[in-house]
Amino acid sequence: MPKKSKSRSKQTEPTRTNHNERVLATNRRAFYQYDILRRFEAGLSLMGSEIKSARAGRVSIQEAYCRPRDGDMYLVGAHIARYEPSGQANHDPTRDRRLLLHRREITQLEQAFAQKGLALIPLKLYLTRGKAKLEIGVGRGRRIHEKRDRIAERDANRQIERALRR
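Below is a summary of the structure that appears in this document. Just so it is clear, the model here is predicted, and its values are computed rather than measured. (Residues numbered from 1 in each chain as written. Predicted model: local features only at pLDDT ≥ 70, side-chain atom pairs only at ≥ 80, totals over all residues. Heavy atoms only, no water.)

### Examining the layout of surface pockets
(1) Moving on: Taken as a whole, the largest pocket holds about 180 Å³ of empty space.
(2) Moving on: Lining the largest pocket we find 14 residues, and of these Tyr34, Ala64, Tyr65, Leu120 and Ile121 sit closest to its centre.
(3) Moving on: Residue assignment for the lining of the largest pocket shows that the elements contributing at least two residues are α1 (28-33), β4 (65-69) and β8 (118-128).
(4) Moving on: In terms of residue class, the lining of the largest pocket is built from 9 nonpolar, 3 polar and 2 charged. (1 Å grid on protein atoms, 1.4 Å probe; cavity = no way out; pocket = protein on both sides within 12 Å on 5 of 7 lines; lining within 4 Å. Points joined across faces, edges and corners; volume = space filled by probe spheres on them. Helix = DSSP H or I, 4+ residues; strand = E, 2+ residues; numbered from the N terminus. Nonpolar A, V, L, I, M, F, W, Y, C, P; charged D, E, K, R; others polar.)

### Describing the environment of Leu109
(1) Moving on: Looking at where Leu109 falls in the secondary structure, it is placed in helix α3 (residues 103-114).
(2) Moving on: For Leu109, a relative accessible area of 0% puts it in the buried group.
(3) Moving on: Distance in space between the C-alpha atoms of Leu109 and Cys66 is 9.3 Å, their sequence separation being 43 residues. (Buried < 20%, exposed > 50% of the residue type's maximum accessible area, 1.4 Å probe, protein only.)

### What about the packing of aromatic side chains?
(1) Moving on: A complete count under the given rule lists 0 aromatic pairs for this structure.
(2) Moving on: The positively charged end of Arg69 is found above the aromatic ring belonging to Tyr74, 4.4 Å away from the centroid.
(3) Moving on: For the cation-ring pair, Lys124 lies above Tyr126, with the distance from its terminal atom to the ring centre recorded as 5.0 Å. (Phe/Tyr/Trp six-rings, centres within 6.5 Å; stacked < 30°, edge-to-face > 60°. Lys NZ or Arg CZ within 6 Å of the ring centre and 35° of its normal.)

Coordinates in, geometry out; function isn't part of it.
Next comes the structure, spelled out in structure tokens:
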């Protein structure tokens, strides 16, 4: 039997992805309306009452989008419901929220935003190790016939799966 090395520097164990991830909201419609070309992960700058409300699952990103402003990226149109126990120290449910990204990522997203036909769409809002994270997709809008083709393809695959099970 070969001898195992005690040094862990050369041996790397696979990191567990989604170790402590809890999804709060997904934008399923975005995958139907857009072809997602690239994805980014951004932190979300939230107030105390917002994170408590988000942990309770009272979040919607269906009508939200991302937009650059003054050298930063902002999440616009996301709805985080008021947290009732916080009383008067509550937040505005639809305020613009700053996204925490590296400068390089911000410039890449600004360039994508400036291109015609591309949009910055929030795909998923989740908690990782107690921190709120947002998955942003750079997407190109689909045309109506592309959406129909996608539905027809999905139905055909379902029928093939059913036939194979029998």
